Structures are given as structure tokens and as C-alpha cells.
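Chain by chain, the residues:
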Amino acid sequence: MSSNALTFDDESTSKDDEDDDSDAEPFEASWKNIDWRMSPGESYSDWTIQVVAIGKDHPGTTEYHVHQYFLTVGTRKSGYFEALCRANADFAENKNKTSRVELHELAANAFPAMLDYIYNINVGVELTTENATPMHFLGRYFDIPRLRWLAKQFIKKDVCLSNCHLYYVHSCAFSTSAVMRVVQHCCTSQMSLLVQNEYAILECKSDDFWAKVLRGGSDLLARSQLAAKIIPRLLDNGALDSEKFNRLTCEETLCEIDPKSAFALLECEAMIYDHNGMDCLTSLQERCLAALTTAFVEIEATHFKSLSRQGPLFLVEFLTRTQALLSLKHHQVIDLEITLSDEKKRSGYLRAHMYATEENFKKRLRRA
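A short tour of the structure in this document, coming up. It should be emphasised that the depicted structure is a prediction, and the values quoted were computed from it without experimental measurement.

Attention now goes to the overall build of the protein. From N to C terminus, the protein includes 20 helices and three strands. Summarising the internal contacts of the protein: among those between residues at least 6 apart in sequence, 70% fall at separations of at least 24. Looking at the protein as shown, the accessible area adds up to about 20400 Å², and 50% of this sits on carbon and sulfur atoms.

Excluding glycine, a negative phi dihedral is what most residues carry, and trans is how most peptide bonds are arranged. At K97, a position not held by glycine, the phi torsion is positive, near 55 degrees. Relative to the elements of secondary structure, K97 occurs in the loop between α5 (92–96) and β3 (98–104). Residue classification places K97 among the partly exposed positions, given a relative accessible area of 35%. A positive phi angle, close to 55 degrees, is found at D143, a residue other than glycine. Mapped onto the secondary structure, D143 falls in the loop between α7 (132–141) and α8 (145–158). Accessibility expressed as a relative area gives 40% for D143, which makes it partly exposed.

Another point: the environment of L161. Among the secondary structure elements, L161 is positioned in the loop between α8 and α9 (164–174). Classification of L161 as buried rests on a relative accessible area of 4%. Along the backbone, L161 and Q190 are 29 residues apart, and their C-alpha atoms lie at a distance of 8.0 Å. Among all residues touching L161, those that are not within four sequence positions of it are C186, C187, Q190, L193, L194 and Y199.

Here the focus is the pairing of strand β1 (residues 47–54). β1 sits mainly inside the fold: seven of its eight residues count as buried. As judged from the six bridges shared by β1 and strand β2 (residues 61–66), these two strands associate in the antiparallel manner. Paired with I49 across the two strands is Y64, which belongs to β2. Sheet topology note: the β1/β3 ladder contains seven bridges and is parallel. Within β3, the residue paired with I49 across the bridge is S99.

Turning to the sheet that holds β1, a few remarks are in order. With respect to topology, three strands assemble into an open sheet ordered β2-β1-β3, the strand pairing being mixed. Unpaired on one side and paired on the other, β2 and β3 mark the two borders of the sheet. Here the average twist between neighbouring strands, direction ignored, is 25 degrees. Against the sheet, helix α6 (residues 105–119) makes contact with β1, β2 and β3, and its axis sits at roughly 130 degrees relative to β3, the strand it touches most.

This brings us to the nonpolar core. Counting 53 residues, the largest nonpolar core has I201, F209, W210, L226, I231 and L265 as its most contacted members. Per-element tally for this core: the top contributor is helix α13 (residues 220–236), with eight residues. When sequence neighbours within four positions are dropped, the list of residues in contact with L226 reads M191, L194, V195, L202, W210, V213 and L214.

Here the focus is the packing of α7 against α8. Interaxial distance between α7 and α8 falls to 7 Å at its minimum, and their mutual angle equals 155 degrees. When the axis of α7 is compared with that of α8, the two are roughly antiparallel. Of the two elements, α7 crosses α8, and the hand of that crossing is left-handed. Along the contact surface, α7 presents A132, T133, M135, H136, G139 and R140, while α8 presents L147, R148, A151, K152, F154 and I155. The class makeup of the residues in the contact of α7 with α8 is six nonpolar, three polar and three charged.

Under the definition given, this model contains 11 salt bridges. Between D208 and K212 there is a salt bridge, and its shortest N-O distance comes to 3.4 Å. Here K212 and D208 lie together in helix α12 (residues 207–216), a separation of four residues that amounts to about one turn. Of the residues examined, K212 reaches a relative accessible area of 42% and is grouped as partly exposed. Note that R247 is salt-bridged to D208, the shortest N-O span being 2.8 Å.

Any aromatic ring pair is given by two values, namely how distant the centres are and how the planes are angled relative to each other. Applying the stated criterion to the full structure yields 15 aromatic pairs. Look at Y69 and F70: their rings are 5.5 Å apart centre to centre, the planes differ by 85 degrees, and that puts the pair in the edge-to-face class. The class for Y69 is exposed, based on a relative accessible area of 55%. Taken together, a centroid distance of 6.2 Å and an interplanar angle of 15 degrees make the contact between F314 and F318 stacked. One end of the pair is F314 and the other is F318, both in helix α18 (residues 312–321) and four residues apart, which spans about a single turn. Under the relative-accessibility criterion, F318 is labelled buried at 1%. Of the aromatic side chains, those joined through ring pairs into one cluster are W36, Y64, Y80, F81, F111, F137, Y141, F142 and F174.

All right, on to the side chain of S99 then. Assignment of secondary structure puts S99 in strand β3. Using a relative accessible area of 0% as the deciding quantity, one classes S99 as buried. Engagement of the side chain of S99 in a polar contact is seen with the side chain of W47, the distance being 2.9 Å.

What counts and what doesn't
Residues numbered from 1 in each chain as written. Predicted model: local features only at pLDDT ≥ 70, side-chain atom pairs only at ≥ 80, totals over all residues. Heavy atoms only, no water. Helix = DSSP H or I, 4+ residues; strand = E, 2+ residues; numbered from the N terminus. Contact = heavy atoms within 4.5 Å. Areas by Shrake-Rupley, 256 points an atom, 1.4 Å probe, with all protein chains shown as cover. Buried < 20%, exposed > 50% of the residue type's maximum accessible area, 1.4 Å probe, protein only. Pairing = 2+ DSSP bridges. Axes fitted to C-alpha atoms, helices over the stretch in contact; angles between N-to-C directions. Core = buried A, V, L, I, M, F, W, Y, C linked by side-chain atoms within 4.5 Å. Parallel < 35°, antiparallel > 145°, perpendicular 65-115°, else oblique. Left-handed = near helix turned anticlockwise from the far one by under 90°. Nonpolar A, V, L, I, M, F, W, Y, C, P; charged D, E, K, R; others polar. Salt bridge = Lys/Arg side-chain N within 4 Å of Asp/Glu carboxyl O. Phe/Tyr/Trp six-rings, centres within 6.5 Å; stacked < 30°, edge-to-face > 60°. Polar contact = N/O pair within 3.5 Å; in protein donor to acceptor, adjacent residues only side chain to side chain.

Such coordinate-based values are descriptive only and should not be taken to indicate function.
Here it is as C-alpha cells:
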């Protein structure tokens, strides 16, 4: 036998070999899933993300010790970090293995939920009314298409008139037009409820938002009802000038006027324009006049102020065309005639045929 040959006998058997004869099942260490919450030493983290929260409520920087594998591989990978990790090694971030990002405080608060989504591939994403829009933004910012899609689907199912103001605020914070369109659709599709009830979204001061909501509504009369509710609030907040008012009340937006909303809209226009001295009716006056004279409208005492501020042309045209005046009490007719007379004295330029038309109409009223 060669001197290099190995021989095995009972005497040369090691203690480890003797242990192999045991039928006892060896202890197996429990498996730990890699998690970004673990200490970097324990999880062998190879990348650090520094998130700077922009906002007074959550100042400062938070560090997350993560792993390039999770960020750059698989269906939940981040295109942002994949491109970064594959970039030139001379980049400072690649040298330091550290990324620094500045995020709105809402997005900074949602960042851990985004990491949970990336790491836990067998678990769905946790979305709430409060974090859905920030998560949608994070999905867009860090190029995680499915996270962005999941957030939008949640928002579409979750949004309602009771919470759409929060979605509106968040969509403004992140300039997220997709979420804004969902909010607008919610308001447009439930316009009658907005007219009948009070919701936080009614405090929105954006004329652009309300113009899109109004123009999207299929109920033409409900449009004018909502406009009559929204526009006074915008005027009180100083959020409207003549251009913005015209956008909200133009024929494209309010092609048909609800008779019950006409007086409120006329009063709002009188706060924007001085109708005395005008030689023709405005477009809104024409549409309101048409609404008032095609429906039998009971004129209340509070409406006289609105009528008196519309200028003499409107008053003459109103007296000439409306059938609703036939329902007024005698003293109300007298009050309206006095108002009209005062307007004549101030204007002094009404055409002769308007005077004649007015007098003929008054005679018919007295006979009636």
C-alpha cells in the first residue's frame, strides 16, 4: 500500500464523527427576513438614504439603512435607485453609498411605508386617506410604477365629498394633476349634494378648480345653483376679480340659469361691475333675465336690492318681460316702480321707446 494512502479505523475516528451517529435532529437557527429597520451591521446594509423633511412640523433628517438588491431588483424595484446604483462609480453618491433627498413632510412621513412595500414582496401596500396621495407622489418620484398605480386606484375608490378636501390639499402640495382630476370628478358627479349640504371642499378658493367642476357637470341647473353658493364665498375671501368672475359665470360654464339662483348671481355681478351707465345688458344679466321671465318666480323683498343694483336697462327689461310681477302684491309693485323711477333720475339717458314700453307694461299690471 502506498505511503500516501489514508486508512480509517475505529481508533482514528474523531469525536465529530462519533456525533454523526446520533439520530437527534440538529438545531436550525431561525431565519430572519432582511428588513430596512434592522441595524446596518445586522442586515449588512450597503446603502444609506438620508431623507430631509421640508416643513415646519417635521424638521431634520432621517437615515434609512437599505440594500441595493431590494431597491434595484424585482417587480417592486425603484427605477430611480436602479439608475443611481448603475451610474458612474465616480458619482459622489456611489462613492459614499449614500443618497440624500429632500421631500415634503407628508412624503417624508410616508417614506417608511414605501420601503415596506419594496421589501415585503408578499405583502400588499398599506394605504390610507392620509398617505395615499404622498405614496402616489413617491411612486412617481422614485419611479415605482405599480406603487403609483395602486395608490391611484385606492384614491379613486376612497374619495368622497367628506374627505375630498384632504385629497385636494394634498394634490396641491404635490402638484399631482391625476389626484386633482379625481377630486374634481367627485365634486362634479355629486354636485346636487354639494348644493344641498356643507362640506369642507366648499371652502376651496381656487376659481380654476371650480370652473372645471362646474363645466364638467351634466345637470345644467345644478351648475348655476353651485355657482350661486360658491361665488359669494370667493368674493368674501377676495379671491375673485372681473376676469375670474367671468370665467365662472360665462355662457360656457353657466349656459342655463336656475331661476332661484338668478338673484344671487346678479347680486354677485353687481359687486364686480357698476351697471349704471351701461348701454347694454351683460351676458349674465341676459341669461338671468331669461330664467326669471320663463318661470313663475315669486319675488321677495330681499330681491329688490339685487334688482336695484342692475341698472336702469335691466329694470326696464325686467318690467317689460317678466310675468312673475303679476304675482306681486300692490305695495311691492309700487316699491319697484319707485326704484325704477330713482334709476331713471340717476341715469337720464334711457331711450324713449323703453319709457313707452315700461308705461304700457305698468298699465297692464294695474288692469291685472
